[in-house]
Amino acid sequence: MESEVVVSGGTVRGGRESGLAVFRGIPYAALPPWTESSARFGAPQPVVSWDGVREARRFGPPPPQPAAFGMDALAESGHEWLTVNVWTPDLGGGGLPVMVWIQGGAYAFGTSGLPEYDGSRLAREGVVVVTFNYRVGLEGFGFFAGRPANRGLLDQVAALEWVRQNIGVFGGDPDRVTVFGQSAGGGSVAVLLAMPRAVGLFRRAIVQSMPGTFFTPALAADVARACAAELGLQPTELATADPAMVAATGDAVLAKLPEFTDRWGRAAHAGVPFAPVVDGDVLPTTPWLGLSGQVELLVGHTRNEQRLLTAMSGLLGEISAELASETARIFGPDPQRYEAAFPDPEELYDVVRSDWLFRMPSLKLAEAQVAAGGSAHLYELTWPAPGMGGMLGACHGLDVPLVFGNLTRSQPAMLIGEPTPEAEFVSEQMRQAWTAFATDGDPGWPGYDTGAVRLFDVTPVVAEYPERVSRDIWTEYPGVLDLEI
């Protein structure tokens, strides 16, 4: 069964899947051909119109990807990277809440076509679900003289503009748009709250595991120089290079990050070569300082954010006292208090890195929202997933399959293992909270101004923020968490 709608650019034809109308690969913006070096690394442009009916059954080609997790194998021919996908339970209707997903990937990789981001189950909760591609790595976040900074963020704004203009034909309400994202996607949502270009494009925001990494122009420019040097080029000369080669330079620099710790500090220690740049134009300031309080906010993190990253590095169960102490000195605002509170090296390493990269930035965002007079709801995912022997607990990324309800699809499903009634219950609770918040701004528990925090586990609990030791250590730490060169 087919469905046709008219959007910016022309008519598209989608299909029917399990009671939903589904459209994939619709262009929301255009980019000049990468061969035009004078326009390379430019801002997104209006969609180029097409004649006739465009098939919208396949995801658009992903933007250039690094080799991490085999993402480079997803590459396709063509450079029509900026496309959007829609799942709707009521095509031809109207007034449904809209949820626009921004995927994570350390600002270095990611594409909306991954199975874990299938919006079917979430859309059946009574919302229109939208996902889209945006430029990542050097294409999206490389800092080049004479080119707009934060092009990946500009892509996100263009996608939200497309949603506002077109979502009505899919049964969605353009005045009830909620943007949600996890990891770098959560950081992107937080950034959109502070971007003048994004004002008025969404009503609510859900920030899942926000990374606290924001670069100065000097740091970002030096990273771009190091990437270009891998090809024997100057940064501006990357405009003439094949996109696949440009993406590969990010892999090369990532592998060499220990060599850059003296130059890049915590960015290198943390393995983070890309992040939004506080350039004073596209992004005037960090989210904690840029909130107006006008957009309703739901924000939170998982309990054991770092544990997955530790396992990926091969260090799980291998953390020495010396490494844990060094980690506290690099990332902890008060290393002595951390070491006194967490004498076990494995726990100290896990807590310090979880706090610095995800947990405390998310908490600070909720605090800043309340201070700005806005509405904020805070949560923590505490359910220890049984997948992979249960060794990762409530780790980074566990919330993604739970929120989408895709418990058996793609790599994140490994964190859950064989779905159990417990997993289904926690997933149902999170889906209901997310869609309720998108519907009317109430996820089902009091706002953080009361001190209430929702803990997602097999037993639903609303309590005080549980990571009190970490919160107290960070209480006197400056709200500006920028990484500086």
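Above this text you will find the structure in question.
Residues numbered from 1 in each chain as written. Predicted model: local features only at pLDDT ≥ 70, side-chain atom pairs only at ≥ 80, totals over all residues. Heavy atoms only, no water.

Asker: Account for the overall build of the protein, naming residues and giving values.
Answerer: The secondary structure content of the protein amounts to 16 helices and 13 strands. When its C-alpha atoms are laid out on the principal axes, the protein stretches across 70 × 55 × 45 Å. Counting across all 485 residues of the protein, residues that qualify as buried make up 59%. Once local pairs closer than 6 in sequence are excluded, the contacts in the protein between residues at least 24 apart make up 76%. A total accessible area of about 17400 Å² is found for the protein, and carbon and sulfur atoms account for 51% of it. The centroid of the 33 positive side-chain charges in the protein is displaced by 4 Å from the centroid of its 56 negative side-chain charges. (Helix = DSSP H or I, 4+ residues; strand = E, 2+ residues; numbered from the N terminus. Buried < 20%, exposed > 50% of the residue type's maximum accessible area, 1.4 Å probe, protein only. Contact = heavy atoms within 4.5 Å. Areas by Shrake-Rupley, 256 points an atom, 1.4 Å probe, with all protein chains shown as cover. Lys, Arg positive; Asp, Glu negative; His and termini not counted. Charge placed at Lys NZ, Arg CZ, Asp CG, Glu CD.)

Asker: If you had to explain the side chain of D399 to someone new, which residues and values would you point to?
Answerer: Mapping D399 onto the fold places it in helix α14 (residues 399–404). Not counting residues up to four positions away in its chain, the partners in contact with D399 are Q182, Q208, S209, T302, Y379, L381 and M430.

Asker: Kindly report on the pattern of salt bridges, identifying the contributing residues and their values.
Answerer: Counting across every chain of the model gives 23 salt bridges. E80 serves as the salt-bridge partner of R54, at 2.4 Å between the closest nitrogen and oxygen. One end of the pair, R54, is in strand β4 (residues 53–55); the other, E80, is in the loop between β4 and β5 (83–88), with 26 residues separating them in the sequence. Judged by relative accessible area, which is 23%, R54 ranks as partly exposed. (Salt bridge = Lys/Arg side-chain N within 4 Å of Asp/Glu carboxyl O.)

Asker: Explain a nonpolar patch on the surface to me, and be specific about the residues and the numbers.
Answerer: Taken together, the side chains of M388, M391 and M414 make up a nonpolar region of the molecular surface, amounting to roughly 280 Å² of accessible area. Within the secondary structure, M388 sits in the loop between β11 (376–381) and α14. (Patch = residues over 30% accessible without salt bridge, like charges linked within 9 Å, V, L, I, M, F, W, Y side chains within 5 Å.)

Asker: A description of the environment of G104 should follow, citing residues and the corresponding values.
Answerer: Along the polypeptide, G104 turns up in the loop between β6 (96–102) and α1 (120–123). Separated by 76 residues in sequence, G104 and Y28 place their C-alpha atoms 19 Å apart. Those residues in contact with G104, other than ones at most four positions away along the chain, are F109, G110, Y117, Q182, S183, A184 and G185.

Asker: Residues and numbers for the nonpolar core, please.
Answerer: In this structure, Y28, F202, W264 and W434 are the most contacted members of the largest nonpolar core, which totals 154 residues. Looking at which element gives the most residues to this core, the answer is helix α13 (residues 345–371), with 12 residues. The contacts of W434, once residues within four sequence positions are left out, are M99, F180, I206, Q208, L298, Y379, V403 and F456. (Core = buried A, V, L, I, M, F, W, Y, C linked by side-chain atoms within 4.5 Å.)

Asker: Lay out the packing of aromatic side chains with the relevant residues and their values.
Answerer: Overall, the coordinates contain 20 aromatic pairs when judged by the stated rule. Here W162 and F170 contribute two aromatic rings whose centre-to-centre distance is 6.0 Å and whose plane-to-plane angle is 40°, an arrangement assigned as tilted. Classification of F170 as buried rests on a relative accessible area of 0%. By the ring-pair criterion, three or more aromatic residues cluster together here, those being W101, Y117, F180 and F404. Above the ring of F41, the side-chain terminus of R40 is found at 4.7 Å from the ring centroid. Over the aromatic face of W50 sits the side chain of R54, whose NZ or CZ is 5.4 Å from the ring centroid. (Phe/Tyr/Trp six-rings, centres within 6.5 Å; stacked < 30°, edge-to-face > 60°. Lys NZ or Arg CZ within 6 Å of the ring centre and 35° of its normal.)

Asker: Residue-level account of helix α11 (residues 321–331), with values.
Answerer: Within the sequence span of α11, burial applies to A324, S325, T327, A328 and F331. Burial along α11 is one-sided: seen end-on, the buried residues are contained in an arc of 155°. Seen from the open side of α11, the exposed residues pointing more than 90 degrees away from its buried face are E322 and R329. The secondary structure elements touched by the buried residues of α11 are α8 (266–269), α12 (335–341), α13 and α16 (468–474). (Arc of directions from axis to C-beta.)

Asker: Describe the environment of M195, listing the residues and the values that go with them.
Answerer: When you line up the elements, M195 lands in the loop between α4 (184–192) and β9 (204–208). Along the primary structure M195 and S292 are separated by 97 residues, whereas in three dimensions their C-alpha atoms are 10 Å apart. Apart from the residues lying within four places of it in its own chain, the contact partners of M195 are L153, V157, V282 and L283.

Asker: Go over unusual backbone geometry, please, and point to the residues and values.
Answerer: Residue A106 is not a glycine yet carries a positive backbone phi of 60°. Looking at the secondary structure, you find A106 in the loop between β6 and α1. Judged by its relative accessible area of 43%, A106 is partly exposed. Although it is not a glycine, N150 adopts a positive phi angle of roughly 55°. A relative accessible area of 1% means that N150 is categorised as buried.

Asker: Account for the packing of α11 against α13, with residues named and values stated.
Answerer: Viewed as axis vectors pointing N to C, α11 and α13 meet at an angle of 20°, and their least axial separation amounts to 8 Å. Between α11 and α13, the angle is such that the two are roughly parallel. Considering how the two elements wind past one another, α11 and α13 form a crossing that is left-handed. Each of A321, L323, A324, S325, T327, A328 and F331 in α11 lies in contact with α13, whose residues at this interface are P345, L348, Y349, V352, R353 and W356. In terms of residue class, the contact of α11 with α13 is built from 10 nonpolar, 2 polar and 1 charged. (Axes fitted to C-alpha atoms, helices over the stretch in contact; angles between N-to-C directions. Parallel < 35°, antiparallel > 145°, perpendicular 65-115°, else oblique. Left-handed = near helix turned anticlockwise from the far one by under 90°. Nonpolar A, V, L, I, M, F, W, Y, C, P; charged D, E, K, R; others polar.)

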